[in-house]
Amino acid sequence: MTSKVDEALGYEQARDELIDVVRRLEAGGTTLEESLALWERGEELAKVCRRWLEGARARLDAALAEEAGDEAAAEESDSE
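Reading the values: rules and limits
- All chains use their own residue numbering, which begins from 1 and follows the written sequence.
- Only residues with pLDDT of at least 70 get local features here, since the model is predicted, and only at 80 or more are side-chain atom pairs given and counted; chain-wide, interface and lining totals rely on the full set of residues.
- For side-chain calculations, the full set of non-hydrogen atoms in the structure is used, while hydrogens and water are omitted.
- Any carboxyl oxygen of Asp or Glu that lies within 4 Å of a side-chain nitrogen of Lys or Arg is treated as forming a salt bridge with it.
- A simple rule labels every residue: compare its accessible area, found with a 1.4 Å probe on the protein chains alone, to the largest value its type can have, and call it buried under 20%, exposed over 50%, or partly exposed in between.
- We count a stretch as a helix when DSSP gives it H or I for four or more residues in a row; a strand needs E for two or more, and each element gets its number in order from the N terminus.

Caption draft 1: Highlighting the pattern of salt bridges. The full count for this structure, using the stated rule, is three salt bridges. Among the ionic pairs, Arg-15 bridges to Asp-16, the shortest N-O distance being 3.1 Å. Judged by relative accessible area, which is 31%, Arg-15 ranks as partly exposed. Linking Glu-17 and Arg-41 is a salt bridge whose minimum nitrogen-to-oxygen distance equals 2.8 Å. Of this pair, Glu-17 sits in helix 2 (residues 11-27) while Arg-41 sits in helix 3 (residues 32-79), and the two are 24 residues apart along the sequence. The class of Glu-17 is partly exposed, set by a relative accessible area of 29%. Its relative accessible area of 25% is what places Arg-41 among the partly exposed residues.

Everything listed is a geometric property; what it means functionally is a separate question.
Quick look at the structure:
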């Protein structure tokens, strides 16, 4: 479950924190409990990033569909 604070994170903030979490996990030297907490945090941050990217993809797809519709309408009016 993503917290309200995580939902307020921007993509770049979540990505940067996720990078830090991965570095800390890769470096080792943490207890099992700390590693699990870092892993869980990383999963939440990855979800935040995924939602941002999915939203960006949806906006891009909508813009491309609108542009394609505008071009089709222009071509149709030109052929009349």
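From this point on, the discussion continues.
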